[in-house]
Amino acid sequence: MKIIDKPQNIIEELNSLDQNKTIGFVPTMGALHAGHISLIKKARQENDIVVVSVFINPTQFLANEDFSKYPKTTQSDIEISKLCEVDILFMPTIDDIYTDDEVLIKAPKKDGFILEGYNRPGHFDGMLQIVLKLLSIVSPSCAYFGKKDAQQLYLIKKMVENFYLKTKIIECDIVREDDGLAMSSRNIYLDQTQRQLALCISKALKTAAKAIGSGVLQCDILDQKMIEILNNKDISIEYIAFVDRDFNKIDKIVIKNSIILVAVKIGTTRLIDNMWI
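Predicted model, so just to flag it, every value in this text is computed and none were measured. (Residues numbered from 1 in each chain as written. Predicted model: local features only at pLDDT ≥ 70, side-chain atom pairs only at ≥ 80, totals over all residues. Heavy atoms only, no water.)

### Comments concerning the overall build of the protein
What counts is decided by this rule: Only DSSP runs of H or I with at least four residues qualify as helices, and only runs of E with at least two residues qualify as strands; both kinds are numbered from the N terminus onward. With C-alpha atoms as the basis for the radius of gyration, the globule rule is written as 2.2 Å multiplied by the number of residues raised to the power 0.38. Only protein chains enter the accessibility calculation, which uses a 1.4 Å probe. A residue is then buried if its area is under 20% of the maximum for its type, exposed if over 50%, and partly exposed in between. Throughout, a residue-residue contact means that at least one pair of heavy atoms, one from each residue, lies within 4.5 Å. The protein chains shown are the only cover counted for residues, whose accessible areas, like all others here, come from Shrake-Rupley with a 1.4 Å probe. The convention is simple: Lys and Arg are positive, Asp and Glu are negative, and His and the chain ends are not counted. Charge positions are represented by NZ for Lys, CZ for Arg, CG for Asp and CD for Glu.
From N to C terminus, the protein includes nine helices and nine strands. The C-alpha atoms of the protein give 19 Å as radius of gyration, which agrees with the globular expectation for 277 residues (19 Å, within 12%). The principal-axis extent of the C-alpha atoms belonging to the protein is close to 55 × 40 × 40 Å. Every one of the 277 residues in the protein was classed for burial, and the buried ones make up 52%. Taking as baseline every contact in the protein between residues at least 6 positions apart, the subset at least 24 positions apart corresponds to 72%. For the protein, the accessible area works out to roughly 13,900 Å², and carbon and sulfur atoms hold 50% of it. Looking at the protein, you have 34 positive and 37 negative side-chain charges, and the mean spots of the two groups are 5 Å apart.

If you want it as structure tokens, here you go:
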């Protein structure tokens, strides 16, 4: 495995390879866990060359968020990448990626400013900026993203379509802990009591899914069932939302075209989860 930090160096390295070979790319912010590993393994199975990036992107964090304390596990990330048979690990610094006077990209006026975009204004501008840069640097055949960040995934696909990029975006299922909690690098912030409380998120989603399975499709009824489970003084609900796969608000679940999304705060830790119906 090669570890490369400079954009120009990885561009030159990839250009030197057989251009008929496919490149699978997994962009991450590090602190790699089983969710990331599932993406890397899928990329490994489906491509000749696998590139993983580790870069904690400052432009997608708001001023009051956790950029400075976001988990950094560099040596572990390197070892995990080796074990997953990654070919190139791209680990640039902020100065490698950004200049003082950047061309900016803006999230869509509607889809980029609802839900996560409403609660974290400017977040998607920075997220799309770094994803566009990384796709431009690596020029992958396929890039792999998890469904846990469902709105992010939707906006990345929209950007690829709008900018006529050649990369195919691969949607990958959410990976959960044995007890149902969605894998997240931020789970490390939770103490034991908060960790138990966080299980209410997946429990609420499973309760909604069970109700849907029994024929309950009205979103207001499902919403109430989920609120009952999340109703705890130590859980702050930011939103429960029901949307179709194009992120239009819906009043009734349509099977194979709906997503239920949840965002909560437990202590100072913000957690998101969802279920694709």
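### Topic: the sheet that holds strand S5 (residues 142–146)
The following threshold applies: Criterion used throughout: strands pair if DSSP finds at least two bridges between them. Between N-to-C directions, angles span 0 to 180 degrees; the directions come from axes that are lines fitted to C-alpha atoms, helices contributing only their stretch in contact.
With parallel pairing, six strands are arranged side by side in an open sheet as S1-S4-S3-S2-S5-S6. Only two strands of the sheet have a single partner each, and these edge strands are strand S1 (2–4) and strand S6 (168–172). Across this sheet, the average inter-strand angle for adjacent strands is 25°, counted without regard to direction. Alignment of S1 against strand S4 (residues 88–90), held across three bridges, turns out to be parallel. Across the sheet, the residue bridging to Ile3 is Leu89, located in S4. Those strands touched by helix H1 (residues 7–15) are S1, strand S2 (23–28), strand S3 (49–54) and S4, and its axis lies near 160° from that of S4. Packed onto the sheet, helix H6 (residues 123–138) meets S2, S3, S4 and S5 and runs at close to 150° relative to S2.

### Notes on helix H9 (residues 219–230)
Helical geometry note: an α-helix holds 3.6 residues per turn, so side chains three or four residues apart project in the same direction. Stated precisely, the cut-off is as follows: The span expected for a helix works out to 1.5 Å for each residue beyond the first. Each direction from the helix axis to a C-beta atom contributes to the arc, which is the arc of those directions.
Here H9 contains twelve residues, and its C-alpha end-to-end distance of 16 Å stays within 8% of the 16 Å for a straight helix at 1.5 Å per residue. Every buried residue belonging to H9 is among Cys219, Leu222, Met226 and Leu230, and all of these are buried. Projected down its long axis, H9 carries its buried residues within an arc of 70°, all on one side. Within H9, the exposed residues directed more than 90 degrees away from the buried face are Asp220 and Glu228.

### Let's talk about the sheet that holds strand S7 (residues 235–244)
On the basis of which strands lie adjacent, the open sheet formed by three strands has the order S7-S8-S9 and antiparallel pairing. Looking at strand neighbours, the two that pair on one side only are S7 and strand S9 (269–276), the edges of this open sheet. Here the average twist between neighbouring strands, direction ignored, is 15°. As defined by bridge partners, S7 adjoins strand S8 (residues 258–266) across nine bridges and the pair is classed as antiparallel. Looking across to S8, one finds that Asp244 is bridged to Ser258.

### Re the pairing of S5
Going by this rule: Here the term right-handed applies to a crossover when the path leading from its first strand over the helix to its second strand runs clockwise, the strands being oriented away from the viewer.
Extensive coverage of S5 is indicated by the burial of four of its five residues. Pairing analysis gives two bridges linking S2 to S5, with the strands arranged parallel. Bridging from a neighbouring strand, Phe25 pairs with Ala143 of S5. Pairing of S5 with S6, which is carried by five bridges, proceeds in the parallel orientation. Looking at S6, one finds that Phe145 is bridged to Glu171. Read as a crossover between parallel neighbours, the route from S5 over helix H7 (residues 150–162) to S6 is right-handed.

### Things to note about the nonpolar core
Convention followed: The definition of a nonpolar core used throughout is a set of buried Ala, Val, Leu, Ile, Met, Phe, Trp, Tyr and Cys residues joined through side-chain atoms within 4.5 Å.
Judged by nonpolar contacts, the single largest core of 42 residues is most densely connected at Ile10, Val51 and Leu261. Considering each element in turn, this core owes the most residues, nine residues, to H6. Contact partners of Leu261, with chain neighbours within four places excluded, come to Leu115, Ala150, Tyr239, Ile240, Ala241, Val243, Phe247, Asp273 and Asn274. Within the second largest apolar cluster, 28 residues are counted, among which are Ala198, Ala208, Ile212 and Leu271.

### A few points about the side chain of His123
Applied cut-off: Pairs of N or O atoms are called polar contacts if they sit within 3.5 Å, as long as, within protein, a hydrogen donor faces a hydrogen acceptor (for residues adjacent in sequence, only side-chain-to-side-chain pairs).
Position of His123 relative to the elements: it lies in helix H6. Taking relative accessible area as the criterion, His123 reaches 6% and is therefore assigned buried. Side-chain polar atoms of His123 contact the backbone oxygen of Gln60, separated by 2.8 Å. Discounting residues that sit within four places of it in the chain, His123 has contacts with Gln60 and Leu62.

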